[in-house]
Amino acid sequence: MNSAPVDVDLALVGGGGAASLVLAALNRHGVRGLRVAVVDPVHRRGQDRTWAFWDRPGNDLDPVLSASWRQVEVVTAERRQVLDLAPLRYAMLRSGPVYDRAAEAERRLGVTRVVAAADALDDDGERVLVRAGDAPVLRASWVLDSRPRPPRRPGRTNWLQHFRGWWLASDTPVFDADRAVLMDFRTPQPARGVSFGYVLPVSDRYALVEYTEFSPAPLTDAGYDAALVGYRDLLGLDPARLTVREVEDGAIPMTDAPFDAHPSPRVVRLGTAGGATRPSTGFTFSAMRRQADQVARALAAGRPPVPAPAYPRRHLWMDAVALRALDRGGVSGPDFFDRLFDRNPAERVLRFLDGVTSPAEELAVMSSTRLSPMVAATAGDAADRLRARLVRGQRSR
């Protein structure tokens, strides 16, 4: 006989980065007396991924960052731009400290942990029944679901940000610890898409060196390794003096498809499934962190834990146009990003990518791109949207 489900106020389904940030934010904002549960088949610990993002120094993440830089480089075959990010910084955060903070928050909050996969969320508008297999394990007032989920419908452009990185240790000083390489477009460019390398140095002897593509499909293992060998050689690093300490890889959706952030009355999605991934870049961490803070503030004030949309609708439209222009070959990826950073203050571009710029700033950013292909992409996007509305209207008759 199945036991009765445990009643909680808040269930976090999925225990990765998004849930860990929510737990830490609840603790930071002094939320107490809330019955919280985490449902995940894996209790995450240690270094299983790395986040890179930009923010202002002087916040709660300062003590746990692996490194941060006030200067970054954007490199093409023609030139090397050294960008001063002030008042922002580019930062690197490994998952271990994030999971450690979440574990401490669990202890302080008295969190119930269910080590199982949630197979169904039955929302009746008042409570959500969380099922593992056939067994109801929790009955929650609210569920925050951060498990990967497909978009509501396919997008007009469907790419991935896919990557592999090597944590390289050198027996001699070879890295500039004061400056990160944000994008190095000297890598061979794919027939359809954009590729670049980057370097995030922790010290002059230790760095994450990564190869990334924005393109429709991932590479094979051999393809990533060959690309990394090529980028290592392009940087002039001697393989005989290097040790690969760790390997990281992954794939993140870059699409104009809509993600359903609030699929039922008391279920809210976070992370990529909740729209936190920026379609034009694949960056996710800053939006996850904003949403975690909004959830914690809402619960502390007795409000529903429903964060604001990760990005303004006008930004999602601009991303759709940019993705279309890149996908159809209207603009070159290296040229597109090189012009953005060349014709705008770096701080404005980074705030634009975070979705926090004003319309006037966005006009300045977009006007720095090549006009003709962007106009063509805008017209094509508008035509596709109109056709999609007509098809949906016919289906609803």
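Cut-off values and rules
Residues numbered from 1 in each chain as written. Predicted model: local features only at pLDDT ≥ 70, side-chain atom pairs only at ≥ 80, totals over all residues. Heavy atoms only, no water. Salt bridge = Lys/Arg side-chain N within 4 Å of Asp/Glu carboxyl O. Buried < 20%, exposed > 50% of the residue type's maximum accessible area, 1.4 Å probe, protein only. Core = buried A, V, L, I, M, F, W, Y, C linked by side-chain atoms within 4.5 Å. Helix = DSSP H or I, 4+ residues; strand = E, 2+ residues; numbered from the N terminus. Contact = heavy atoms within 4.5 Å. Axes fitted to C-alpha atoms, helices over the stretch in contact; angles between N-to-C directions. Parallel < 35°, antiparallel > 145°, perpendicular 65-115°, else oblique. Left-handed = near helix turned anticlockwise from the far one by under 90°. Nonpolar A, V, L, I, M, F, W, Y, C, P; charged D, E, K, R; others polar.

Draft legend 1. Examining the pattern of salt bridges more closely. Tallied over the entire structure, the rule returns 41 salt bridges. Between Asp122 and Arg131 there is a salt bridge, with its nearest N and O atoms 2.6 Å apart. Look at Arg131 and you get partly exposed, because its relative accessible area is 26%. Taken together, the shared-partner salt bridges in this structure form one network comprising Arg28, Asp55, Asp60, Asp62, Arg89, Arg101, Arg289, Asp293 and Arg297.

Draft legend 2. Region of the structure containing the nonpolar core. In this structure, Leu85, Tyr90, Leu200, Phe336 and Phe341 are the most contacted members of the largest nonpolar core, which totals 43 residues. With six residues, the single largest contributor to this core is helix 5 (residues 313-327). Setting aside its immediate chain neighbours within four residues, Leu85 contacts Trp69, Arg70, Val72, Tyr90, Ala346, Glu347 and Leu350. Grouped together as the second largest cluster of nonpolar side chains are 38 residues, Leu21, Ala25, Phe53 and Ala91 included.

Draft legend 3. Summary view of the packing of helix 1 (residues 17-28) against helix 4 (residues 285-300). In the contact formed by helix 1 and helix 4, the axes pass within 8 Å of each other and the chain directions differ by 40°. What the angle tells us is that helix 1 and helix 4 run oblique. As helix 1 packs across helix 4, the resulting crossing turns out to be right-handed. When helix 1 is examined against helix 4, the residues Gly17, Ala18, Leu21, Val22, Ala25, Leu26 and Arg28 are found in contact with a partner set consisting of Phe285, Met288, Arg289, Ala292, Asp293, Val295, Ala296 and Leu299. Residues of the contact of helix 1 with helix 4, tallied by class, amount to eleven nonpolar, one polar and three charged.

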